[in-house]
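Commentary on secondary and tertiary structure
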Amino acid sequence: MGSPADTWKELLAVGGYEGRYRSLGIKAWSELPRYFSQASFFVIASIQEGLALVQAQAMASRLPVIATTNTGATDLFTDGVECFIVPIRDPAAIREKVLYLCEHPEAREEMGRAALRRVASLGAWGSYGEAW
């Protein structure tokens, strides 16, 4: 997990959310479940990525994901059901989805349950690879 750019911090500050999130920097895979268990949702704003495995790991922790189109998200989930898919290089789109999840806890919870169901339906990564 990386750190948000100053642009993200500015966008969150405008909405009055400054200080209501934590940037944790890069963490080892083995540490992710501990952090995921403390989160409300997961954001991955990659510009270029093959298939970001961390998305499925977040989903397995019942976290809705906000991901860019270049993270392989379209192969993992349906936009608006389990998670949100936004264009790359569009911090305003990410901000909109972050605010939505912050302001609609019931939708966030339902998306988290749907995320867990979806990732469970994929089976093991070997099954996922065979399907492709």
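The rules behind each value
Residues numbered from 1 in each chain as written. Predicted model: local features only at pLDDT ≥ 70, side-chain atom pairs only at ≥ 80, totals over all residues. Heavy atoms only, no water. Axes fitted to C-alpha atoms, helices over the stretch in contact; angles between N-to-C directions. Helix = DSSP H or I, 4+ residues; strand = E, 2+ residues; numbered from the N terminus. Parallel < 35°, antiparallel > 145°, perpendicular 65-115°, else oblique. Left-handed = near helix turned anticlockwise from the far one by under 90°. Contact = heavy atoms within 4.5 Å. pLDDT = per-residue confidence, 0-100. Phe/Tyr/Trp six-rings, centres within 6.5 Å; stacked < 30°, edge-to-face > 60°. Buried < 20%, exposed > 50% of the residue type's maximum accessible area, 1.4 Å probe, protein only. Lys NZ or Arg CZ within 6 Å of the ring centre and 35° of its normal. Pairing = 2+ DSSP bridges. Right-handed = clockwise from strand over helix to strand, strands pointing away.

1. Describing the packing of helix α3 (residues 53–60) against helix α6 (residues 105–121)
- Running from amino to carboxyl end, α3 crosses α6 at an angle of 120°, the nearest separation of the two axes being 7 Å. In terms of orientation, α3 and α6 fall into the oblique class. Note that α3 runs across α6; the crossing there is left-handed. Contact with α3, carried on its side by Ala56, Met59 and Ala60, involves Ala115, Leu116, Arg118 and Val119 of α6 and no other residues of that element.

2. Observations concerning the confidence of the model for the chain
- Averaged over every residue, the pLDDT of the chain is 84; residues scoring 70 or more account for 81%.
- No element of the chain has a lower mean pLDDT than helix α7 (residues 125–131), which averages 58, and none a higher one than strand β3 (residues 84–86), which averages 97.

3. Digging into the packing of aromatic side chains
- The final tally for this structure, using the stated rule, is two aromatic pairs.
- Where Phe36 meets Phe42, the ring centres are 5.6 Å apart and the plane angle is 85°; that geometry is what we call edge-to-face. Summarising the burial analysis for this pair, Phe36 and Phe42 share the class buried.
- Ring geometry for Phe84 against Tyr100: centres 5.8 Å apart, planes inclined by 85°, an arrangement best described as edge-to-face. Taken together, the residues span a long stretch of sequence, with Phe84 in strand β3 and Tyr100 in helix α5 (residues 91–103) at a distance of 16 residues.
- Just above the ring of Phe84 sits the side chain of Lys97; from NZ or CZ to the centre is 4.5 Å.

4. Side note on the pairing of strand β2 (residues 65–68)
- Residues Val65 and Ala67 of β2 are buried on one face, and the alternating residues Ile66 and Thr68, pointing to the opposite face, are buried as well.
- Bridge count for strand β1 (residues 42–44) against β2 is three bridges, and the pairing is parallel. The residue bridging Phe42 from the neighbouring strand is Val65, located in β2.
- Traced from β1 through α3 to β2, the parallel crossover comes out right-handed.
- When β2 meets β3, the two strands line up parallel, connected through three bridges. Considered in β3, the bridge of Ala67 is made with Ile85.

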